[in-house]
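Observations on the three-dimensional arrangement
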Amino acid sequence: MTQWNDSQTQEVSSDITEKSNALPAKYFIEPEIFEMEKEKVFSQYWIYAGHANSISEPGQFFTRNVGNRQLIVVRGHDGEIKAFDNVCAHRGSKMVEDTPMTEPEEANRIRCPYHLWTYDLEGNLQSTPKSFEEASLNPDLDDEDVQEFDCKENGLNDVHVDSIGPLVFVNLADDPMPLSDQAGVMKDRLEALPLGEYEHACRIVSEVECNWKVFASNYSECDHCQANHQDWIKGISLDESELEVNDYHWVLHYTHEEDVEDEMRIHDEHEAQFHYLWPNFTVNMYGTADGYGTYIIDPIDTDRFQLIADYYFRDSDLSEEEREFIRTSRQLQEEDFELVERQWDGLKTGALAQAQLGPNEHTVHKFHRLAQDAYNS
Ligand code: FES
Ligand SMILES: [Fe+2]
C-alpha cells in the first residue's frame, strides 16, 4: 500500500506481492544517503571503470572517480591492466590530473609532482630524489643513518581489477565477491560477442538534477515508453518484451516487429537487449544498429548524478545512419531526464514516504531490494 506517512514505512520486502515492496523515499532524498552509499554500495561492488581498448598500449592510463576515491587505471608493461589510488605514498598528494577514458594519457612511470617520488606501472616505488637518500640538511643525522625505502612496501595502493571482455571493472573492497558472481550470466553473454572489435565512437556526458536511483529505476522498466518515447518505440513490439531478473543483473529484451537486416546488429537474436548491472552500469545492445552502448550512472551527491553514455561502432568514423542512431538515443535520454526530474520534483517534497510497485515492475523491485540489502549490510 502506498504510504504517505514516514512512520509507517517498512524496508523493501523480498516478495514483490507484499505491500511494502519499494525502497522507502527517505533513501532517495535524505541528504546524507550518498555518504552511506559510498561505503555500502560503491566500495563493495564491482564498478565499471572504462574500456580496455582506450588503453591498448603499455603505459596508457585514464582516471576514474568512485565515491571519494580517485583511481588511475593503467596498462602495465606486462600488458595487464591495474588500478591504483591516485594518491602518493609519500605525503598523499594527488599525482596525475583527471584523465577521462576518452582522452587517455601515456607514461612510462607515475611520478608525483610534489617531491618526485616515482613509481613503476606495477605501483612499486622506483626512485626517490636525493633529499630522501641523504641527510645533508639534517644536522642530527649522518647519511649512513638514512634507511632505504623498501620499493614494494612504499608502493601505491592497488585495488582489484577484473574484466568482462573489454569492459574493465574495479572493486574497492578488500575481499570482493568475484566479478563472475556479480555479473552472472551477463558475463557469459557479453563475452560470447566480439565487443572488443568495436571502436569507441562517441561519449555524451549529462548532469541531471535527480537522485541516481531514480534514473536507474526508470532505465529498468519500459512501461513509460509508450507514453514518452514515441520515436524510439517505432517498430518495437512492447507487448512482446520480456524482463529477465538475475541476482545482480537484469535484462530488458525488446522484440522488433520486423526483422532488421542481420548485418545491422552485433548480436544475432532478433531483439534489443538492455542489460543493467547493479549498482550503476548498463550495456545497451541495440536491435537496429551494428554497435553497442554503455551508461554509467554516477552519483555526484544525493540530489544529482552524471550520466556518461558511450557508443561503440565498427569504425570510430560514424556513418550518417550511425549519427542518426545516436541522435535518437540522445533524444531518448533527454525524454528520460524530463521524466526523472519530474519524478524527483515530486519525491523530494517528502509527501510520498514509500511507493507501491506493480507486479511487472520486478526489475525495479530488484534494484530497490539490492539497495536495501546493501544498506542493511
Ligand atoms: S607527496 Fe608525492 S612525492 Fe611527496
Ligand atoms: Fe525511458
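Look up: the structure comes first, before these words.
So, how was this worked out
- Residues numbered from 1 in each chain as written.
- Chains lettered and ligands numbered in written order.
- Predicted model: local features only at pLDDT ≥ 70, side-chain atom pairs only at ≥ 80, totals over all residues.
- Heavy atoms only, no water.
- Buried < 20%, exposed > 50% of the residue type's maximum accessible area, 1.4 Å probe, protein only.
- Helix = DSSP H or I, 4+ residues; strand = E, 2+ residues; numbered from the N terminus.
- Pairing = 2+ DSSP bridges.
- Contact = heavy atoms within 4.5 Å.
- Donors = N, O, S within 2.8 Å, 3.2 Å for Na, K, Ca; no water.
- Tetrahedral: all angles 85-135°; square planar, octahedral: opposite > 155°, others 65-115°.

1. Looking at the pairing of strand S17 (residues 304-313)
Where burial is concerned, most of S17 is hidden: 8 out of the 10 residues are buried. Where strand S11 (residues 199-208) meets S17, 9 bridges bridge the pair, whose relative direction is antiparallel. Its bridge partner being in S17, Val-205 is matched across the sheet by Ile-308. Relative to S17, strand S16 (residues 291-301) runs antiparallel, the two being bridged by 10 bridges. Its bridge partner lying in S17, Thr-294 is registered against Asp-310. Taking the residues between adjacent antiparallel strands as the criterion, S16 and S17 are bridged by 2 residues.

2. With respect to the environment of Leu-167
Tracing the chain through its elements places Leu-167 in strand S10 (residues 167-171). With relative accessibility at 0%, the residue Leu-167 sits in the buried group. Remark: the alpha-carbon pair of Leu-167 and Val-283, spanning 116 residues in sequence, is separated by 9.9 Å. The contact partners of Leu-167, leaving out residues within four places of it in the chain, are Tyr-48, Gly-50, His-51, Asp-162, Leu-190, Leu-195, Phe-281, Val-283 and Thr-294.

3. Concerning the environment of Phe-313
By the secondary structure assignment, Phe-313 is in strand S17. A relative accessible area of 0% means that Phe-313 is categorised as buried. Residues Phe-313 and Asn-157, 156 residues apart in the sequence, show an inter-C-alpha distance of 35 Å. Non-local contacts of Phe-313, meaning those with residues more than four positions away in its chain, are made with Tyr-198, Glu-199, Ala-201, Ala-289, Asp-290, Gly-291, Leu-318, Glu-322, Phe-325 and Ile-326.

4. What to know about the coordination of the iron ion (ligand 2)
Surrounding the iron ion (ligand 2) are the protein donor atoms His-224 (NE2), His-229 (NE2), Asp-336 (OD) and Asp-336 (OD), which sit 2.0 to 2.6 Å from the metal. Seen from the iron ion (ligand 2), its 4 donor atoms lie at angles of 55 to 148°, and the figure they make is irregular. Coordination of the iron ion (ligand 2) draws on donor residues from a single chain, spaced H-x4-H-x106-D in sequence. Here His-224, found in the loop between helix H5 (212-219) and helix H6 (225-228), pairs with Asp-336, found in helix H7 (residues 320-347); they are 112 residues apart in sequence, far enough to count as distant. When its relative accessible area of 11% is taken as the criterion, His-224 is described as buried. According to the relative accessible area criterion, Asp-336 is buried, its value standing at 9%.

5. Describing the sheet that holds strand S3 (residues 69-75)
If you trace the 7 strands from one edge of the open sheet to the other, you get S1-S10-S9-S4-S3-S2-S5, paired in antiparallel fashion. Single-partner strands in this sheet number two, and they are strand S1 (47-51) and strand S5 (105-106). With 5 bridges connecting them, strand S9 (residues 158-164) and S10 associate as antiparallel partners. Counted as the bridge partner of Ser-163 is Val-168 from S10.

What is shown is where atoms sit, not what they do.
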